[in-house]
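Chain by chain, the residues run as shown.
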Amino acid sequence: MSAFSFQNVRLVLGQRVILDDVSLDIRSSEFVGVLGPNGAGKTSLMRAVLGLIQPRTGSIQVLGQPVSRGNPAVGYMPQVRAALGSLRLSGWDFVAGVVSGHRLGLPILTKAGRSDVDRALDLVGARDLARRPLADLSGGERQRLLLAQSLVGRPRLLLLDEPLISLDPRHQQTVVELAKALQVELGITVLFSAHELNPLLGSLDRVLYLGAGQAALGTVDEVITGPVLSRLYGSEMEVIRLNDRIFVMSGSAEVPNCHHAGA
Amino acid sequence: MFDYDFMQNAFAAATIVAILAGSVGYFLVLRGQAFAGHALSHVGFTGATGAVLIGVAPLWGLVGMTLAAGLIMGFLGERLAARDVGIGLVLSLSLGFGLLFLHFFTAYATQATALLFGNVLAVDLETVWTLLVLGTLCLLALAVISRPLLFVSLQPELAEAKGLSLRFYSMAFLAIVALATAECAQIVGVLLVFTLMVCPAAAAQQVTTSVLKGIALSAAFALFDAWIGLTLAFYTDWPTSFWISALSAAIYLLAVIYRRVSRFR
């Protein structure tokens, strides 16, 4: 069963070609890490699966159907926004805002809606957290609420756009483990985009590496190799393995560079 | 106090406007568009004075101009609508033009103070009915779009992914804000719209973190400001708009103190 597939897809944003004649197939119940340099198209790929960007040529199928906007079976966790840090709204109300959010009417939840929110919060262990206003939470706690929000509506495919941004290594590990636990427990497909490979190493089934308009999909051993990455980056790349960790080197510089908050 | 016709009208008008301003204001503060709401009223001033110049009733000039400005701001999108330099520019230019129109129609100059600072005690019965009809329409429109509006305000990318048009809700909401601003201006004047649209909502968000309670509390605070303000104005003979702005600031301060204090429990 396929979670989503691209057939000869050409994605163009403005003047740039993000994906050039790319075909790939993501199987259901897979944990796929999406990697690549800035501007490689990680977010654009997710937006295409959400139906927000139309491919110039080729077709996209999501969960057996042609791609469409507003597919309730696809959950999405967008990149974190700075504005959330000043919201004087409880975490619970924030997550509840997406329940039937596309339907007109008053923002009052039915019993089913309320239990869906509680279920999503329980899955990420944020029930108590959700009582506090967003403005009083730390970055990691807000990420957890964003993750809960993406689980509302019981999606079968989860797209997580750079959940590790501005998190310290300990919290990064927590988020990756949480995402993996959810993938296994719910039997859903998870796409997890990140700048660095190492935090994801223990949880990945396959890697989707983007670069120079192309995509390489396969296991870590298949994709994270000198020849494949050299092709994607357009320059000589070297892969070094040390103590269960992988380092991608371009000359003497490690790629990607360490990303701290604000990258 | 209620034996007087003008006080009955004033209370009726203030009640309608306060409930509308409190409810709309909650979303305005949530979306971080308080300054944009404030600016819309200044544009309304130009509309009112311009209307008098061409022989139309000032209220409709006010309504028409703020509505047009609100729709344009919503259409231009968040990037432009949130830039405070751009908004400030439009705001000051509007006041300048408004002054120019007054210069050409000096007979209206005495009404300028009322337009700028409000004169709720001069509201007639016909205006009360107009405010009631407009206000009810606005509240109904807000109620209908409140759920998607909340979604779009909290998570624009997710909302877009679920199929909602950000531009549509931006325009629809700012149109409602424009009408609410025009109504507010009848009570506290163009310059003080902030006191009924923003202050009560900001105070409510200090006290509660729930959406529904927040909207209700915001309307309640605005009502309190309006009613007590009117009562104090009646007995002290000081301007109503002064009392309303003083009360709304006081409530906001108390709300902030309440929040700080309840942290220590």
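Treat the numbers as computed from the prediction; the structure is a model and nothing was measured.

(A) Broad picture of the sheet that holds strand β3 (residues 31-35) of chain A. All names here are of chain A. In spatial order, the strands read β6-β7-β8-β3-β9-β10; together these six strands make up an open sheet with mixed pairing. Each edge of the sheet is formed by a strand with only one pairing partner; in this case those strands are β6 (74-77) and β10 (214-218). In this sheet, adjacent strand axes meet at a mean angle of 15° when their direction is disregarded. Two strands pair when backbone bridges link them, and strand β7 (residues 157-160) and strand β8 (residues 189-193) are joined in this way by four bridges, in the parallel orientation. Across the sheet, Leu158 pairs through a bridge with Val190, a residue of β8. The sheet strands contacting helix α5 (residues 169-186) are β3, β7 and β8, and the helix crosses β8 at an angle near 160°.

(B) Seen up close, the environment of Pro239 of chain B. The topology assignment puts Pro239 of chain B in the loop between α12 (211-236) and α13 (240-263). Given 19 C-beta atoms within a 10 Å radius, Pro239 of chain B is considered partly exposed.

(C) Geometry of helix α3 (residues 58-76) of chain B. Taking 1.5 Å of rise per residue, the 19 residues of α3 of chain B would be expected to cover 27 Å, and the 27 Å separating its terminal C-alpha atoms lies within 8% of that figure. When we look at burial in α3 of chain B, the residues that qualify are Pro58, Leu59, Gly61, Leu62, Val63, Met65, Thr66, Leu67, Ala69, Gly70, Met73 and Gly74 of chain B.

(D) Here's a closer look at the interface of chain A and chain B. At the interface, 24 residues of chain A touch 25 residues of chain B. Classifying every residue of the side of chain A that touches chain B by side-chain character gives 13 nonpolar, seven polar and four charged.

(E) Main features of the sheet that holds strand β12 (residues 245-250) of chain A. Residues and elements named next belong to chain A. As summarised here, the arrangement of the three strands in space is β11-β12-β13, forming an open sheet in which the pairing is antiparallel. Looking at which strands have only one partner, the edges of the open sheet turn out to be β11 (238-242) and β13 (253-255). Within the sheet, the average angular offset between the axes of one strand and its neighbour, ignoring direction, is 45°. In this sheet, β13 lies alongside β12 in antiparallel orientation, the contact comprising three bridges. Bridging across to β13, Val248 finds its partner in Val255.

(F) View of the environment of Leu164 of chain B. Along the chain, Leu164 of chain B falls in the loop between α8 (156-161) and α9 (166-188). As for Leu164 of chain B and Pro148 of chain B, which are separated by 16 residues in sequence, their C-alpha atoms are 7.8 Å apart. When residues no more than four places from it in sequence are discounted, the contact partners of Leu164 of chain B are His102 of chain A together with Pro148, Phe151, Val152, Ala159 and Tyr169 of chain B.

(G) Here's a closer look at helix α5 (residues 84-104) of chain B. All names here are of chain B. Given a rise of 1.5 Å per residue, 21 residues ought to cover 30 Å, and the 30 Å separating the end C-alpha atoms of α5 matches this to within 8%. Taken as a whole, α5 has its buried residues at Ile87, Leu91, Ser94, Gly98, Phe101 and Leu102. Viewed along the axis of α5, the buried residues span an arc of 100°, placing them on a single side of the element. Set apart from the buried face of α5 by more than 90 degrees, the exposed residues are Val85, Leu89, Ser92, Gly96, His103 and Phe104.

(H) Representation of the environment of Ile228 of chain B within the structure. Residues and elements named next belong to chain B. Looking at where Ile228 falls in the secondary structure, it is placed in helix α12. A residue is classified by how many C-beta atoms lie within 10 Å of it, and Ile228, with 14 of them, is partly exposed. Along the backbone, Ile228 and Cys199 are 29 residues apart, and their C-alpha atoms lie at a distance of 15 Å.

(I) Inspection of the pairing of β11 of chain A at higher detail. Residue and element names in this part refer to chain A. Where burial is concerned, little of β11 is hidden: zero out of the five residues are buried. Note: β11 against β12, five bridges, orientation antiparallel. The partner of Ile240 across the bridge, within β12, is Phe247. Between β11 and β12, which follow one another and run antiparallel, lie two residues, and Asn243 among them has a positive phi close to 50°.

(J) Spatial organisation of the domain arrangement of chain A. Residues and elements named next belong to chain A. We note that the domain assignment places domain 1 (1-73 + 155-224) and domain 2 (84-153) within chain A. Across the contact, 11 residues belong to domain 1 and 10 residues belong to domain 2. For the side of domain 1 that touches domain 2, the leading source of residues is α5, giving four residues. Considering only residue class, the side of domain 1 that touches domain 2 consists of eight nonpolar, three polar and no charged.

(K) Layout of the nonpolar core. Counting residues in hydrophobic clusters, the biggest one holds 167 residues, and the most contacted among them are Val49 and Val95 of chain A together with Val17 and Leu196 of chain B. In terms of residue count, α9 of chain B provides more of this core than any other element does, 15 residues in total. For this core, the two domains that each supply at least three residues are domain 1 (1-73 + 155-224) and domain 2 (84-153) of chain A. Ignoring sequence-local partners within four residues, the contact set of Leu196 of chain B consists of Val17, Ala18, Ala21, Cys184, Ile187, Val188, Ala222, Asp225, Ile244 and Ser248 of chain B.

(L) Main features of unusual backbone geometry. All names here are of chain A. Its identity is not glycine, yet Asp21 carries a phi of approximately 55°, on the positive side. Looking at the element boundaries, Asp21 is found in strand β2 (residues 16-27). We classify Asp21 as partly exposed; it has 14 C-beta atoms within 10 Å. Unlike most non-glycine residues, Ala212 shows phi in positive territory, near 50°. The topology assignment puts Ala212 in the loop between β9 (206-211) and β10. C-beta crowding within 10 Å serves as the criterion here: with 16 such atoms nearby, Ala212 is assigned to the partly exposed category.

Cut-off values and rules
- Residues numbered from 1 in each chain as written.
- Chains lettered and ligands numbered in written order.
- Predicted model: local features only at pLDDT ≥ 70, side-chain atom pairs only at ≥ 80, totals over all residues.
- Pairing = 2+ DSSP bridges.
- Helix = DSSP H or I, 4+ residues; strand = E, 2+ residues; numbered from the N terminus.
- Axes fitted to C-alpha atoms, helices over the stretch in contact; angles between N-to-C directions.
- Contact = placed C-beta atoms within 7 Å.
- Buried ≥ 20, exposed ≤ 12 C-beta atoms within 10 Å, placed from the backbone.
- Expected span 1.5 Å × (residues − 1).
- Nonpolar A, V, L, I, M, F, W, Y, C, P; charged D, E, K, R; others polar.
- Arc of directions from axis to C-beta.
- Domains from an automatic or database assignment.
- Core = buried A, V, L, I, M, F, W, Y, C linked by C-beta atoms within 7 Å.

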